[in-house]
Amino acid sequence: MDHLDEHDSDEMKAVPVSDGPAARLRKKRSKIWDEYRPIFVDGAIQSAECLYCHIHMSCRGADGQSNGTSHLWRHQKICRAKDGFGPSPLQQDADLPYVVNEVDPVDQILPDSLDDINLVTHSENSKFRSKVWKDFIPFYVGGRVQGADCVHCHKRLSADKGRSHLNRHTQTCPARNGNSMSHQKGVLFQSSVPNFKSRLQDELSPALTNGKVQIAEYANKFLKGSSGDRSPAGHHILALPAMDEMNSTEQNMTSAQTAAGISRKFDQEASYQELTKMIISLGYPLSIVEHEEVRRFAKSLNPTFNMASSIDIEEYSTLLFQKEKTDLKEKIALLSHRISLSASVWAPQGAEASVKYLCLAAHFIDSEWKLQRKIIKFGVFWSSPSSLERMIHFKEACVGDSDSGPFYVIQEAIRDWNLDQKHFSLTSVSAVRNNEDTSKVMEMLTQGKCIPIRGELYNVACVDDVLNSIVSKGQLVLHHVGNILEKFIQAQMSSSLTRQQLLEVVAHMGLKCPQEDAKWWHKIYFRLEVFVHWKKAYPSEELLSAEDTKIVEPACRILRAFYRAVEVISGPVCSTANIYFNELWKVRTTLQEEASSDHTELANMVWVMQEAFNEYWQNSYVWLSIPVVLDPRFKITFIEFRLKRAFGTDAEKYVSTVRDTIRELFHEYCGSLEKSGVDTSTCEARDVEFDGFDSDSLEDWDEHLNAQTRSQLLTELDNYLEDGLVPRKDDFDILNWWMSNSTKYPTLSIMARDVLAMPASAVNCEAALSSEGNTIHKQWSTLSIKTIEALVCTRDWMK
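Predicted model only: the values in this text are computed from it and were never measured. (Residues numbered from 1 in each chain as written. Predicted model: local features only at pLDDT ≥ 70, side-chain atom pairs only at ≥ 80, totals over all residues. Heavy atoms only, no water.)

Side note on the overall build of the protein
Secondary structure assignment for the protein yields 27 helices and 14 strands. Burial analysis of the protein (799 residues in total) assigns 47% to the buried set. Taking all contacts inside the protein whose residues are at least 6 apart in sequence as the whole, residues at least 24 apart take part in 67%. Of the roughly 41,500 Å² of accessible surface on the protein, 51% is carried by carbon and sulfur atoms. (Helix = DSSP H or I, 4+ residues; strand = E, 2+ residues; numbered from the N terminus. Buried < 20%, exposed > 50% of the residue type's maximum accessible area, 1.4 Å probe, protein only. Contact = heavy atoms within 4.5 Å. Areas by Shrake-Rupley, 256 points an atom, 1.4 Å probe, with all protein chains shown as cover.)

Right, here's the structure in full:
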């Protein structure tokens, strides 16, 4: 039975008297308060501190009312410190070093919120009847026991699911059994220093306002201390906002992580590096670090942080670029296969630029058979030397003709990245492809036999450029369609009801709305899709005249084919080269179907588009077909089927060209293997000659082996083409298939690795559909070309 006098008052109010805490007790004082020290908040008792073990017990329930003193009586029955098992008063000895174990003081503040502590029930306190609690101190969260701290080694164990593991710990605890842990020289554990916790809680208690930990200023008192304090220097005390919705594990982890983060020494260099990475990845101007608002914000986070200047960020950017470049060069150097390049033209944002840049990206399949695209070079494509203003503000204007242009940039990249014997193809936009310098690059590589089959697969036209030029052939008719759609949208936006219906149609389309700088035909196509979906949603309404409908819907089908081809080929996910043929075939088929339109203007537009497309097809069908032959789902049979439909009776010569090209390419890959074998044989023969033997007797044997090797290699290609087709599946991974079959087709898999990495586009989808193309922030364009290269390349590598 609890020792509780029912006439004793457990409610103590603060009254305006000056006789001390004892005078504040209202009515008859309970005897239990002889064992506790009351803690007042806003004039009312919020908790009670045991005078023996210094644990805090709540005196308020969740409703803010007093919860009585029954739990205080129960605690006194089981208080180990009162019975001599717990801590004893610390003997102040000037010669005794005062060192405390590394326990986060925040964990010693038992509740997160005094308002949130629930009254501990009798069933909860029944846990403390076990003898095991003589060796442990309970740890409360939310008014319930969640853990137990060993009084010997101070290890915290879970205590919410039984006590058997506590018993096992007492049997193996090294400190309890008298091992060296409890006798380390100069160390006093918690069981020896009760005043440490008491003094800590006394200092922190004023920071408890309305039951919440609000501020850490009282923790600073403990850190600084008075002249007589023996608190350990440099020990961090945190007072954090109560986290009501976190469980005990999350609270403990958060407390430990925060303490570790603050105690860690501040690293100025590491902060500069992280700041540089953030500026590069987000494309911010380097001068952002000199803005007063940014500096003030950084000081608010850490007053010891000295904000870098824009010059510092520029230097760190260059250092980061060199480090990342070295890593990437090592990765490329380890590749045993070839690399394709793509070249695009970039310009500064804003008004018409007097300088343009050439961006060179490498496309390759890495050692794990994953397709990669990395920018490796960024140089000046063209600059206007006559612009005085540009010369003053933009350092690129000082770049001479000898240091700019496609030839210089591509040649420099090949030399710098050691690609002279690893180059395969170049895909470029029209501005680069039609430049005279580009042909010089091809001549240089062809003469040095650096590219396969005399460069027939080298200078590839960027598909985005081709499709844009074909669409431009129908600009007059398509602008007429755009005007029709403009009137339709204005009519629908006149009332709030139809406006809401229009927005619902757009929401269900699943098509991204074009940006303000989108290409003109992209905007028209989007409005065409809105009209088509509106007509499906509201078929009874008369939207357009029959004459207008006759031209609007076919125009939508045509532009849809162009848009989807650009979206797939230039998408954010790198595509293997085997998909290009089919996407362009869809464009060809759509034009062929719409050519029979009875609308004269539309039919004329389609005819002009077909002429432009067929010209491109004649020049590109070979390189588009070879990756399809290396797709085990299609092979040469599919190409025969398609080209017969494309060229009719003349199809056989086109199919024959594809066959001859792929065999010639395969022979070159076989030749590289034979060459390595011949070199080895020659070296061996020379070694024999040095020993005094005649090597001529082995030449016929070498020729026999080489002929046998060629026959075996040719059989490899024939076996692949004659093997059955792989069933078509939506989740088919062509790179994974070649990786799995590289043992069966060793030479062909090397060739497939290079061919499938060929890009069809030199720009991403966003730039392909933008009227401005790829652009550089105008703040970056004021920097030197070397710094711009570092920023652009590093940003690409960080993605």
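Next, the rest of the story.
Some details on the packing of aromatic side chains
The final tally for this structure, using the stated rule, is 26 aromatic pairs. Residues Phe-581 and Trp-585 carry aromatic rings whose centres are separated by 6.1 Å and whose planes lie at 10 degrees to one another, so their mutual orientation is stacked. Within this pair, Phe-581 and its partner Trp-585 are both found in helix α19 (residues 580-594), separated by four residues, close to a single helical turn. The two residues Phe-581 and Trp-585 agree in class, both being buried. The rings of Phe-581, Trp-585, Phe-613, Tyr-616, Trp-617, Phe-634 and Phe-638 are connected pair by pair, giving a single aromatic cluster. Directly above the ring of Trp-369 sits Arg-753, whose terminal nitrogen or CZ lies 4.3 Å from the centroid. (Phe/Tyr/Trp six-rings, centres within 6.5 Å; stacked < 30°, edge-to-face > 60°. Lys NZ or Arg CZ within 6 Å of the ring centre and 35° of its normal.)

A few points about helix α17 (residues 520-537)
With 18 residues, α17 ought to run about 26 Å at 1.5 Å a step, and its terminal C-alpha atoms sit 26 Å apart, in line with that. For α17, the set of buried residues is Trp-521, His-522, Ile-524, Tyr-525, Phe-526, Leu-528, Glu-529, Val-530, Phe-531, Val-532 and Trp-534. The inward-facing, buried residues of α17 contact α14 (463-472), α15 (475-492), α16 (496-509) and α18 (546-569). (Expected span 1.5 Å × (residues − 1).)

Thoughts on the sheet that holds strand β3 (residues 56-58)
Taken in spatial order, the three strands of this open sheet run β1-β2-β3, and their pairing is antiparallel. Across the chains shown, the open sheet's two edge strands, defined by having one partner strand only, are β1 (36-41) and β3. For this sheet, the mean inter-axis angle between neighbouring strands, taken without regard to orientation, is 35 degrees. Sheet topology note: the β1/strand β2 (residues 44-50) ladder contains six bridges and is antiparallel. Paired with Tyr-36 across the strands is Cys-50, a residue of β2. Of the strands in this sheet, β1, β2 and β3 are in contact with helix α1 (residues 70-78), which crosses β3 at around 150 degrees. (Pairing = 2+ DSSP bridges. Axes fitted to C-alpha atoms, helices over the stretch in contact; angles between N-to-C directions.)

Some remarks on the nonpolar core
Across soluble globular proteins, nonpolar side chains show a tendency to be buried alongside one another. Phe-562, Trp-617 and Trp-738 are the most contacted members of the largest nonpolar core, which totals 165 residues. Considering every element that reaches this core, the biggest residue donor is helix α20 (residues 600-629), with 15 residues. Apart from residues no more than four positions distant in its own chain, Phe-562 is found in contact with Leu-467, Ile-470, Val-471, Trp-521, Val-587, Leu-591 and Met-609. Tyr-36, Cys-50, Leu-72 and Ala-81 belong to the second largest nonpolar core, which has 13 residues in total. (Core = buried A, V, L, I, M, F, W, Y, C linked by side-chain atoms within 4.5 Å.)

A word on the pairing of strand β10 (residues 355-365)
In regular strands, side chains alternate between the two faces of the sheet. Most of β10 sits inside the fold, with ten of its eleven residues counted as buried. The sheet contact formed by strand β9 (residues 339-348) and β10 spans seven bridges and is antiparallel. When the sheet's bridge partners are listed, Ser-344 is paired in β10 with Cys-359. By the bridge criterion, eleven bridges tie β10 to strand β11 (residues 371-383) in an arrangement that is antiparallel. In the sheet register, Lys-356 faces β11, and the bridge partner there is Trp-382. In textbook terms, the turn of a hairpin is the stretch between consecutive antiparallel strands, and for β10 and β11 this stretch comprises five residues, one of which, Trp-369, has a positive phi near 60 degrees.

Side note on unusual backbone geometry
Look at Lys-449: it is not a glycine, yet its phi comes out positive at around 50 degrees. Relative to the helices and strands, Lys-449 resides in the loop between α13 (436-447) and β13 (459-461). Using a relative accessible area of 69% as the deciding quantity, one classes Lys-449 as exposed. The backbone of Arg-454 shows a phi angle near 60 degrees, a positive value even though the residue is not glycine. Inspection of the secondary structure puts Arg-454 in the loop between α13 and β13.

Things to note about the side chain of His-75
Along the chain, His-75 turns up in helix α1. The exposure class assigned to His-75 is buried, which follows from its relative accessible area of 10%. When residues no more than four places from it in sequence are discounted, the contact partners of His-75 are Tyr-36, Cys-50, Cys-53, Ile-55 and Met-57.

Let's talk about the pattern of salt bridges
One pass over the full model with this rule turns up 20 salt bridges. Where Arg-156 meets Asp-149, a salt bridge forms, and the shortest distance between an N and an O atom there is 2.8 Å. A residue is classified by how much of its surface remains accessible, and Arg-156, at 27% relative accessible area, is partly exposed. Of the residues examined, Asp-149 reaches a relative accessible area of 11% and is grouped as buried. (Salt bridge = Lys/Arg side-chain N within 4 Å of Asp/Glu carboxyl O.)

Considering the side chain of Glu-35
Take Glu-35: it is sitting in the segment before β1. Glu-35 gets classed as buried once you look at its relative accessible area, which sits at 17%. Apart from the residues within four sequence positions on either side, Glu-35 is in contact with Glu-49, Cys-50, Leu-51, Tyr-52, Gln-76 and Lys-82.

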